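# Coordinate analysis (summary)
Here is how the chains run, residue by residue.
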Amino acid sequence: MRLKDRISIVTGAAQGIGAAIAREFAREGALVAALDRKGDVEKVCEDIRCKGGQATGYVLDITDQEAYRSCVDRVASQSGRIDTLVNNAAVWRPGDIFTDKLDEWREVQKINLEAVYWGCKLVAPHMARQHRGRIITITFGSGVGHRWRCRRLCGGERRSGQLHEIAGSRTCDSRRACQRDRSGFHSYAHVNREWS
Ligand SMILES: NC(=O)c1ccc[n+]([C@@H]2O[C@H](COP(=O)([O-])OP(=O)(O)OC[C@H]3O[C@@H](n4cnc5c(N)ncnc54)[C@H](O)[C@@H]3O)[C@@H](O)[C@H]2O)c1
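Read on for a plain summary of the structure. (Residues numbered from 1 in each chain as written. Predicted model: local features only at pLDDT ≥ 70, side-chain atom pairs only at ≥ 80, totals over all residues.)

## As for the site of the ligand
For the ligand, the set of nearby residues contains 22 residues, the closest of which are Gly12, Gly16, Ile17, Ala89 and Ala90. Per-element tally for the shell around the ligand: the top contributor is helix α1 (residues 16–27), with 3 residues. Classifying every residue of the shell around the ligand by side-chain character gives 9 nonpolar, 8 polar and 5 charged. (Near = placed C-beta within 6 Å. Helix = DSSP H or I, 4+ residues; strand = E, 2+ residues; numbered from the N terminus. Nonpolar A, V, L, I, M, F, W, Y, C, P; charged D, E, K, R; others polar.)

Below you can see the structure in the form of structure tokens.
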């Protein structure tokens, strides 16, 4: 078990890639705090527990800074530490500069960028105190592309990549990248080399 007893927060864990990460982390022995604004996250955790894993669901919107803070505080006070944060929750709103509405663009920034920054800020003091920790951010192919019709997402996620360079964390560039790496994650430095 590669993640035995690691306290791991996974955002956007009610479905899709986030749910798969939560399940896999639990299978590897992690104690998973699964966050999502959808109540389905409870079902994912129940299923993990039925299979012998450990997972607790938290229903919240990660753009609600106080709700996110109190969730991280609860995880930290119950477990005494936070080992991993997986910034997975994101939204995809196809559009372009001609048809985008500013409010929609702002919503994407709030979820895909600001909440990622806030999550890092909340867990960083715990990781610094422990002298260890991992922050993993899932991004999207469009975030590293140059098709200007995809720029709305690109603006958010590409900058979130830069955030992670600062945080020294590891990031997953795309599903294809994940499949190439058995551990599931590529280092940001590697992804960055691919960009240049
Ligand atoms: N699906 C793909 O083909 C693909 C490819 C490359 C990268 N990605 C990336 O992988 C990640 C997950 O993708 P997915 O396809 O599983 O997405 P998804 O839409 O299936 O799931 C995202 C989850 O995040 C949750 N979420 C969104 N905003 C939230 C908020 N403000 N607060 C709390 N929870 C919130 C949603 O409720 C949902 O359960 C994303 O970061 C995405 O950019 C996806």
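## Looking at the pairing of strand β5 (residues 134–138)
For β5, the tally of buried residues reaches 4 of 5 residues, placing the bulk of the element in the interior. Across 4 bridges, the pairing between strand β4 (residues 84–87) and β5 is parallel. Its bridge partner being in β5, valine 86 is matched across the sheet by isoleucine 136. Since β4 and β5 lie parallel, the crossover through helix α4 (residues 102–130) that links them has a hand, and here it is right-handed. (Buried ≥ 20, exposed ≤ 12 C-beta atoms within 10 Å, placed from the backbone. Pairing = 2+ DSSP bridges. Right-handed = clockwise from strand over helix to strand, strands pointing away.)

## Side note on the nonpolar core
Inside soluble globular proteins, nonpolar side chains tend to come together where they are buried. With 42 residues, the main nonpolar core has Val10, Ala22, Val32, Ala34 and Leu35 as its most contacted residues. Other than its neighbours up to four places away in sequence, valine 10 contacts Gly18, Ile21, Ala22, Phe25, Val32, Ala34, Leu35, Val86 and Asn88. (Core = buried A, V, L, I, M, F, W, Y, C linked by C-beta atoms within 7 Å. Contact = placed C-beta atoms within 7 Å.)

## Describing the environment of histidine 126
Turning to its location among the elements, histidine 126 is positioned in helix α4. The class for histidine 126 is buried, based on 20 C-beta atoms found within 10 Å. Expressed as a C-alpha distance, the spacing of histidine 126 and valine 72, which sit 54 residues apart in the sequence, is 10.0 Å.

## Section: unusual backbone geometry
In this model, aspartate 5 sits at a positive phi of 65°, which is unusual for a non-glycine residue. Its location among the elements puts aspartate 5 in the segment before β1 (7–11). In this model, histidine 131 sits at a positive phi of 60°, which is unusual for a non-glycine residue. Among the structural elements, histidine 131 can be located in the loop between α4 and β5. Judged by C-beta crowding, with 6 C-beta atoms within 10 Å, histidine 131 ranks as exposed.

## A word on helix α3 (residues 65–79)
Between its first and last C-alpha, α3 extends 21 Å over 15 residues, near the 21 Å set by a 1.5 Å rise per residue. The elements touched by buried residues of α3 are β1, β2 (31–36), β3 (54–59) and α4. Glycine 80 lies just past α3 and shows a positive phi near 80°. (Expected span 1.5 Å × (residues − 1).)

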